[in-house]
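Given next are the chains, with one letter for each unit.
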Amino acid sequence: MIRVVDIRGKELPNVKDRTEGVHSSQLNGVKEIIDNIIKNGDCALFEYTKKFDGVEFNCFSVLVSDDEIREAYDSVDDELVQALRRAGENIFFYHQKQMKTSWMDIQKDHTVGQLVLPLQSVGVYVPGGTAAYPSTVMMNVMPAKVAGVKDIVMVSPPNKDGKLPPLTLVAAIEAGVDRIFKVGGAQAIAALAYGTETMPKVDKIVGPGNIYVALAKQEVFGQVGIDMIAGPSEVVVVADDSARADFVAADMLSQAEHDVLASAMLITDSESLASSVASELDAQLKKLPRNDIASESIDKQGVIYLVENMDRAMDMANHIAPEHLELAVSEPHSLLGKVKNAGAVFLGHYSPEPLGDYYAGPNHVLPTSGTARFFSPLGVDQFIKMTSVIDYSKAALKNAADDIDMLATAEGLAAHARSITIRFDEED
């Protein structure tokens, strides 16, 4: 049963910690795997794949072959492929709008500017085994493709037959992946970060995974870039009495079925809606295939907050800083300007969160655990880098020389000052 918390007339409550706890044994195990990959390369990579996935590979069989790609397309329904392509068009279009361009500000005697350059190589981690996550593939690969990354490498753990799910492979090809390796876990992250005889070293690693994958990304950060350390999924629904309880409950359960640690929260000023949603959750839970996971999530992480009005609701939503924020109210655009902290915002009764997961175009890789206060969704920006450009003539440098001399001297950096003044010694 979901908790109902009445915060009318009270201070905003502390939000329950939504991060997954890390045990020292997990961290030590990840560090050991990374060290072994650094020292022993492919040998260690294949040993871990045999140990954790039960599959024996060599430098040839670990790479997904053209035959496997053809088999995947043959086994996936054509209508599903077309649905993937339509979703891909939306995702591509949205991320194209994020592209930045290089610029130069050219004055009479000096120029400053900025080059916008794509990363050269990116590794994309996709959870695997028996499950297929084509949406994860599309959302992580397509922004990199739009950014102009030349080498996109995907890794995903194989099933017991040494294969990847056909739908995952089809999504990878449709999104534009260049190479696919059948490896997973912390060992795959280490191999992407440091390279092995078979696996290429990349510039950045993106994509979700279990706690071992998250810890490995954290450990290799600095050797390579990473996107973010993702926590359990979460949704906050802000709703007034115009909302339908069955819609709201269904949206909350769409997150609860992810994970027992996922958070589904409702903030409303309607007591009747709060009561109806609580009843709907119980009714809909009984029909869910992942009932055990969703039930534990709702019982332990779920909550309904009762507030005085919509302004107070938005204060609470910003306090939570959710991954997904639904504004299930009669005039959602009137609340949009009040959003301060959210990974993605869904407006109105017909923009449910799964629309963003699969189809609308904005990225579904979003900041979790309150990090929407300072992080942004995955996008093209994460796959480009900026390089500054400075071009001064002699006259322009001379005009700035005294100021630079004073500033460098004030910082006690005499060589910095001398680097400027030495160019005009002969004139003095």
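Reference entry: report on the structure contained in this document. This one's a predicted model, so the numbers in the text were calculated from it and none came from an experiment.

1. What to know about the packing of aromatic side chains
Thought 1: Under the defined criterion, the tally for this structure stands at three aromatic pairs.
Thought 2: With a centroid separation of 5.9 Å and 5 degrees between ring planes, the pair formed by Tyr48 and Phe52 is classed as stacked. Of this pair, Tyr48 and Phe52 are both found in helix 1 (residues 24-53), four residues apart, which corresponds to roughly one turn of the helix.
Thought 3: With relative accessibility at 9%, the residue Tyr48 sits in the buried group.
Thought 4: Between Phe247 and Tyr350 the ring centres are 5.8 Å apart and the planes differ by 80 degrees, which places this aromatic pair in the edge-to-face class. Highlighted residues: Phe247 in helix 8 (residues 245-256) and Tyr350 in the loop between strand 13 (344-347) and helix 13 (353-358), separated in sequence by 103 residues.
Thought 5: Overall, the relative accessible area of 26% leaves Phe247 in the partly exposed class.

2. Digging into the nonpolar core
Thought 1: Core analysis: the biggest nonpolar cluster contains 39 residues, and Val124, Val137, Met154, Ile180 and Phe383 have the highest contact counts within it.
Thought 2: Here the element with the most residues in this core is helix 4 (residues 134-147); it accounts for eight residues.
Thought 3: Every residue in contact with Val137, bar those within four places of it in the chain, is listed here: Val126, Met154, Thr168, Ala171, Ala172 and Ala175.
Thought 4: Counting 32 residues, the second-largest nonpolar core is a separate cluster that includes Val55, Tyr125, Ala191 and Ala193.

3. Some words on the sheet that holds strand 5 (residues 151-155)
Thought 1: Taken together, five strands build an open sheet; the order of strands is 6-5-4-7-8 and the sheet is parallel. Each edge of the open sheet carries a strand with a single partner, namely strand 6 (179-181) and strand 8 (225-226).
Thought 2: Direction of pairing for strand 4 (residues 121-125) relative to strand 5: parallel, over a ladder of five bridges. For Val122, the partnering residue across the bridge sits in strand 5 and is Ile152.

4. As for the pattern of salt bridges
Thought 1: Counted according to the given criterion, the structure contains 15 salt bridges.
Thought 2: In this structure, Lys163 and Glu71 form a salt bridge, with 3.7 Å as the shortest nitrogen-oxygen distance. A residue pair is termed long-range when its members are at least 10 positions apart, and Lys163 in the loop between strand 5 and helix 5 (166-175) and Glu71 in helix 2 (residues 66-75) qualify at 92 residues.
Thought 3: Taking the relative accessible area as the measure of exposure, Lys163 reaches 34% and is therefore partly exposed.
Thought 4: Each member of the salt-bridge network shares a partner with another, and the members are Asp6, Arg8 and Glu271.

5. As for the side chain of Ser295
Thought 1: In this fold, Ser295 is placed in helix 10 (residues 291-300).
Thought 2: Within the structure, Ser295 has its side chain in polar contact with the backbone oxygen of Asn291 (distance 2.7 Å).

Thresholds, definitions, all that
- One numbering rule holds for all chains: residues counted from 1, following each sequence as written.
- Owing to the predicted nature of the model, reporting of local features is limited to residues with pLDDT of at least 70; listing and counting of side-chain atom pairs is limited to 80 or more, with chain, interface and lining totals taken over all residues.
- Hydrogen atoms and water are omitted, and side-chain values are computed over all heavy atoms in the structure.
- Here the aromatic set is Phe, Tyr and Trp, taking the six-membered ring for Trp, and pairing holds for ring centres within 6.5 Å; pairs whose planes are under 30 degrees apart are stacked, those over 60 apart are edge-to-face, and all others are tilted.
- Only DSSP runs of H or I covering at least 4 residues are called helices, and only runs of E covering at least 2 are called strands; the numbering of each starts at the N terminus.
- Each residue gets one of three labels from its accessible area relative to the maximum for its type: buried under 20%, exposed over 50%, partly exposed in between, using a 1.4 Å probe on protein chains only.
- The term nonpolar core refers to a set of buried residues drawn from Ala, Val, Leu, Ile, Met, Phe, Trp, Tyr and Cys, joined through side-chain atoms within 4.5 Å.
- Pairs of residues are marked as contacts when any of their non-hydrogen atoms sit within 4.5 Å.
- At least two DSSP bridges between two strands are required for those strands to pair.
- We define a salt bridge as a side-chain nitrogen of Lys or Arg found within 4 Å of a carboxyl oxygen belonging to Asp or Glu.
- The definition of a polar contact used here is a pair of N or O atoms within 3.5 Å, where within protein one atom must be able to donate a hydrogen and the other to accept one, and adjacent residues in sequence count solely through side-chain atom pairs.

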